[in-house]
Amino acid sequence: MKKIFKNFIFLPLILAGAVAFVVMQVKSKPPIEHKEAKYPTKAVEVISINKIPFRARAMAFGNVEPKVVLKAKSEVSGKISYIHPDLKKGASLKKGSVVLRIEPTSFEISLNQSKAGLAGSQSSLAQLQAEEKSTKRALSIAQKNLNVGIKERNRIKTLWDKRLISRSALDQEEQKVLSLRQQVQDIKGKLASYASRKAATRAQITQSKSQVDQSKDTLGRTEVRLPFDARIGAVSVEKGEFVPAGGLLFEALGVQAVEITAQLPTKQFRPLISGLSSRNPNSSISLRDPASLQMALSNMNLEARVRLVGDSSAVTVWDGQLIRLSESVDPTRDTLGLVVAVDNPYDGIIPGKRPPLLKGMYTSVELFSPAKPTLIVPRKAVHQGRIYIASEQDTLEVHAVNILFQQGDIIVLDGEKDSELIGKKIIISDVIPVMAGLPLKTIEAEEYQKNLALKALGEMIQPISNNGASK
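Every value quoted in this text rests on a predicted model; they were computed, and no experiment measured them.

What counts and how
- Residues numbered from 1 in each chain as written.
- Predicted model: local features only at pLDDT ≥ 70, side-chain atom pairs only at ≥ 80, totals over all residues.
- Heavy atoms only, no water.
- Helix = DSSP H or I, 4+ residues; strand = E, 2+ residues; numbered from the N terminus.
- Buried < 20%, exposed > 50% of the residue type's maximum accessible area, 1.4 Å probe, protein only.
- Contact = heavy atoms within 4.5 Å.
- Areas by Shrake-Rupley, 256 points an atom, 1.4 Å probe, with all protein chains shown as cover.
- Pairing = 2+ DSSP bridges.
- Patch = residues over 30% accessible without salt bridge, like charges linked within 9 Å, V, L, I, M, F, W, Y side chains within 5 Å.
- Salt bridge = Lys/Arg side-chain N within 4 Å of Asp/Glu carboxyl O.
- Lys, Arg positive; Asp, Glu negative; His and termini not counted.
- Charge placed at Lys NZ, Arg CZ, Asp CG, Glu CD.
- pLDDT = per-residue confidence, 0-100.
- Polar contact = N/O pair within 3.5 Å; in protein donor to acceptor, adjacent residues only side chain to side chain.

**Observations regarding the overall build of the protein**
Logical step 1: On a plain count of helices and strands, the protein comes out with seven helices and 24 strands.
Logical step 2: When each of the 471 residues of the protein is scored for burial, the buried share is 34%.
Logical step 3: Sequence-distant contacts in the protein: of pairs separated by 6 or more residues, those separated by 24 or more amount to 77%.
Logical step 4: As displayed, the protein offers around 29,100 Å² of accessible surface, 54% of which is attributable to carbon and sulfur atoms.

**A closer look at the pairing of strand S11 (residues 248-254)**
Logical step 1: Burial analysis of S11 places six of its seven residues in the buried class, the great majority of the element.
Logical step 2: Bridge count between strand S4 (residues 69-73) and S11: five bridges; the pairing is antiparallel. Pairing of Val 69 across the sheet is with Leu 253, part of S11.
Logical step 3: Sheet analysis places strand S9 (residues 230-235) next to S11, joined by four bridges and oriented antiparallel.

**Considerations on a positive patch on the surface**
Logical step 1: Taken together, the side chains of Lys 71, Lys 73, Lys 89 and Lys 359 make up a positively charged region of the molecular surface.
Logical step 2: Position of Lys 359 among the secondary structure elements: in the loop between strand S15 (335-343) and strand S16 (362-368).

**Here we look at the confidence of the model for the protein**
In low-pLDDT segments, the atomic positions of the prediction should not be examined closely.
Logical step 1: Per-residue confidence for the protein gives a mean pLDDT of 84; residues scoring 70 or more make up 86%.
Logical step 2: Residue range residues 276-289 is modelled with pLDDT below 50. Its contacts to residues more than four positions away, or to other chains, number 15 contacts.
Logical step 3: Overall, residues 461-471 carries pLDDT values under 50, and its contacts beyond four positions in sequence, including any with other chains, amount to 24 contacts.

**Re the side chain of Thr 335**
Logical step 1: Among the secondary structure elements, Thr 335 is positioned in strand S15.
Logical step 2: Residue classification places Thr 335 among the buried positions, given a relative accessible area of 7%.
Logical step 3: A polar side-chain atom of Thr 335 sits 2.9 Å from a polar atom in the side chain of Gln 263.
Logical step 4: Here Thr 335 is in contact with Gln 263, Leu 264, Pro 265, Thr 266, Val 329 and Asp 330, once residues within four sequence places are set aside.

Encoded structure:
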């Protein structure tokens, strides 16, 4: 019991000594050094933002149709006597080839009859002209006889006045003069009738010539020639078959040019024409004036590239030309039809690599506006209407931008409102966290900037997938 009491007395002394030791150790420790905390430096890729040549680009899709389609119909009725051996679907024939004939016998007979009628009318006119000449000579002779008769009557009258002859002799001469006068008048009347008779005959000749020309024309229509180099479509007749006038014979597709009515969303058409007014501020377009509309299309100077959907090969590209717009907007798809023409679609054929543009092929039409200096940035550099900039002090700055439109992975900015950004370095890599003043280590993405310039000009074309969307 006494031992426990002694331990209890020494316990507070031990605790006090321990506390004193701890206090002395804390006071003797050197003070803690404080270091200034900073954000860690973030490495980012940057490119310089400047106005560079840019071409607005839009993609439309449509089917190929021949520019010229001839649906040959029979202009006369008859039995088909000849068909070209190559007049078959898919065959190619040269301009001027005789592809079909209709039995011409009945038309040749009609032509011969018309020629005979013309020859008869011409013979009648020649006969009238000969009779007119003869009548004129007869009139001259009759006039001379009348003059002689008048002289003889005057001589007899002189003798009668002297009472050297009888009255009956004078009366007899008077009767001769009257008879000669009647003869002259009859000849003049007959001669006057030749003018109307010749006019009637000439009219008959004109009518006969018209009948001959008509018969020749009808006979010529029994032979069908191709008016241009063509590929043959559907053939609707066979040799020996009777065809009525107006009956369909065959279909010929011109190979000189094709047209593609490509459907383009209206929102994509607006960027293509956005620079039109600035290039010609005094111009105005009237949809009622075809000349004004055609001039506006010419002023657009749009470049068109046609390629087969699903084929990304560089050799399957054709140069096209925008020639007209469709008359209305499709209200269901909100698209505008652009008619693009491609000349000589059969040139440069490479078997197995570059086919011709055939009717019905599904194509994409890529349209480019003329290049002009534009302020653009890559799509990945824009974050909810803002871009991140590396300042001259290599710190992060956040700027709001005014976006005009987006084209693929390119954003077009308002060059006037965002002009203060020119020359700045924009960040194209991800930044986490986004804090103004964040220290940066910039890395110049030179190769990316070169590719961006090529994309702005449309030189880096993305392949077209089978469903009509760019990959």
